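Here is how the chains run, residue by residue.
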Amino acid sequence: MPMRTPMLWSEALLNATSTSKSSGDHPVEAPAPEEPLPPRYMHDTYAEILLPFASSPELFEQYTNAWGGLRTGMLMEHLDSLAGSISYKHMLGPGVETLGRIHGRGFYIVTASVDRLDVLAPLLPVRDIRLSGIVIYTGTSSMEVAVKMEALGASGVEDTLLLGRFSMVCRDAKTRKARPVNPLILSSPEETTLYLMGENAKKRRQSLALRSLSRVPPSSAEAAELHSVYLQYGQDSGHQLADYERVWMGDTHLEKTMLMFPQERNVHQKIFGGYLMRLAYELGFANASLFTRSHVTFMSLDSISFAKPVPIGSILRLTSQVLHTTPPGELPGVVHVGVQANVVDVRTGHEQTTNDFRFTWYPDDGAAVLRKVVPKTYQEAMLWLEGKRALEMGDQIRGERNKKQSA
């Protein structure tokens, strides 16, 4: 089920104009109560995309990067589209193949956040790749979609390359308020396990939101570590020693400003979220490479928040900065990068944040990062701590997976 709209942009403009004229003087009323939504079987929400790179040099040519590997940002774009398709499949039923018009359906689905995307094995381009996903949990108006990227060989699955989760929310097409989603039917112990995993992921996300440094102060241990970093790296007695180079966080800024064209729109006539993921990934990759002075390998997407949609025709400013690095000498060295997307009002210059992305990379050769990012302001210190928390969470998740694999 495609997430890119088949409707012509000229037709979408005409529809928007006629809709605004017809509804301009009439307030939108809440819809009448509907019948309970029919439950869906979890396995009926499964969907997949096959990318036959091994057998199609022409396809590989569209995805290859300058070093002969795969463009990870393009694969992320597919994963976001897949999560959206799976969510609509859950709402509309397994037999529906086309979405149709949003107002005709009465609801629309948007990506609220991306919990994590963790790389488990190298993304080698010589094998076919399968992207798949399934709804593993439903709340009142939200869905947790688990996605997987696998490498396929002649005998079937060779490696699981990536695992991740998308949080999707359903909205009423007229009121834009939360709309209920179909509940899930669990038909096997494996599906029950997946359901509990999705439920725990939602609870953990809510807990992290309550602990956010934009809401509450850092813990005493975090405050003590910040002070230790200041004493060790923040003094002005000299910024470059024999074993490391200090870099102020404010000096790592890298940005990109661009127009948002209708060719990158989704079925809601807004800029496609997967396209924004790709833009943010590629800017973050460039920043991590410049900071480490080497080519870097993607380790994880630690979080994405989708606060507001990006309108077609808007000016988008993407700003990235290095938020955290492992201590000099630690192997492998790791760089955590944040990318913020802001829509700029050309009349006032005011910027409104639409998305916040967090990524982690490491040097290809596994070497240490000999440049230490150091915050200078209180706001930067909070970003530094958020980056530290993200790296610790990633280490914990990878540690748990390694234990399961070795058990």
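Regarding the overall build of the chain
Then, number 1: Each helix and strand in the chain was counted, giving eight helices and 14 strands.
Then, number 2: Every one of the 407 residues in the chain was classed for burial, and the buried ones make up 48%.
Then, number 3: Long-range contacts, defined here as pairs at least 24 residues apart, represent 75% of the contacts in the chain between residues at least 6 apart.

A short note on the pairing of strand β11 (residues 315-325)
Then, number 1: By the criterion of burial, β11 is predominantly enclosed, with eight of the 11 residues buried.
Then, number 2: In this structure, β11 lies alongside strand β12 (residues 335-344), joined through 10 bridges in antiparallel fashion. Following the sheet pairing, Thr-319 is matched in β12 by Gln-340.

Quick notes on the confidence of the model for the chain
Then, number 1: Per-residue confidence for the chain averages 87 on the pLDDT scale, and 87% of its residues sit at or above 70.
Then, number 2: Low pLDDT (under 50) marks residues 17-33, which in the prediction has six contacts with non-local residues, meaning those over four places away or in another chain.

A word on the pattern of salt bridges
Then, number 1: Evaluated as defined, the whole model comprises 22 salt bridges.
Then, number 2: Arg-205 is the partner of Glu-144 in a salt bridge, and the nearest nitrogen-oxygen pair spans 2.4 Å. Here Glu-144, found in strand β5 (residues 142-153), pairs with Arg-205, found in helix α5 (residues 189-210); they are 61 residues apart in sequence, far enough to count as distant.
Then, number 3: Look at Glu-144 and you get buried, because its relative accessible area is 1%.
Then, number 4: Salt-bridge contacts for Asp-345 lead to Arg-347; the nearest nitrogen and oxygen are separated by 3.5 Å.
Then, number 5: Judged by relative accessible area, Arg-347 falls into the exposed class, the value being 76%.
Then, number 6: A network of salt bridges, in which partner residues are shared, links Asp-115, Glu-144, Arg-165 and Arg-205.

Overview of the side chain of Ser-167
Then, number 1: Locating Ser-167 in the fold gives a position in strand β6 (residues 156-172).
Then, number 2: Side chain to side chain, Ser-167 and Arg-205 meet in a polar contact 3.4 Å long.
Then, number 3: Those residues in contact with Ser-167, other than ones at most four positions away along the chain, are Val-110, Thr-111, Ala-112, Ser-113, Met-143, Glu-144 and Arg-205.

A short note on the packing of aromatic side chains
Then, number 1: Under the defined criterion, the tally for this structure stands at 13 aromatic pairs.
Then, number 2: Between the aromatic rings of Phe-53 and Tyr-63, the centroid separation amounts to 5.2 Å while the plane-to-plane angle is 65 degrees, which identifies the pairing as edge-to-face. Here Phe-53 is found in the loop between β2 (47-51) and α2 (57-63), whereas its partner Tyr-63 is found in helix α2, with 10 residues between them in sequence.
Then, number 3: Measuring from centroid to centroid gives 6.5 Å for Tyr-281 and Phe-285, while their planes differ by 25 degrees, and the two rings are stacked. Placement of the pair is Tyr-281 and Phe-285 together in helix α7 (residues 273-292), with a separation of four residues, close to one helical turn.
Then, number 4: In this structure an aromatic cluster arises from ring pairing among Trp-67, Tyr-281, Phe-285, Phe-298, Phe-357, Phe-359 and Trp-361.
Then, number 5: Across from the ring centre of Phe-291, 5.1 Å away, lies the NZ or CZ of Arg-371, which sits over that ring.

So, helix α3 (residues 72-92)
Then, number 1: In a regular helix each residue adds 1.5 Å, so 21 residues correspond to 30 Å; α3 covers 30 Å between its end C-alpha atoms and thus fits that length.
Then, number 2: Across the 21 residues of α3, 20 count as buried, placing the element largely inside the fold.
Then, number 3: A positive backbone phi angle near 110 degrees is found at Gly-93, which sits one or two residues after α3.

Basis of the calculations
- Residues numbered from 1 in each chain as written.
- Predicted model: local features only at pLDDT ≥ 70, side-chain atom pairs only at ≥ 80, totals over all residues.
- Heavy atoms only, no water.
- Helix = DSSP H or I, 4+ residues; strand = E, 2+ residues; numbered from the N terminus.
- Buried < 20%, exposed > 50% of the residue type's maximum accessible area, 1.4 Å probe, protein only.
- Contact = heavy atoms within 4.5 Å.
- Pairing = 2+ DSSP bridges.
- pLDDT = per-residue confidence, 0-100.
- Salt bridge = Lys/Arg side-chain N within 4 Å of Asp/Glu carboxyl O.
- Polar contact = N/O pair within 3.5 Å; in protein donor to acceptor, adjacent residues only side chain to side chain.
- Phe/Tyr/Trp six-rings, centres within 6.5 Å; stacked < 30°, edge-to-face > 60°.
- Lys NZ or Arg CZ within 6 Å of the ring centre and 35° of its normal.
- Expected span 1.5 Å × (residues − 1).

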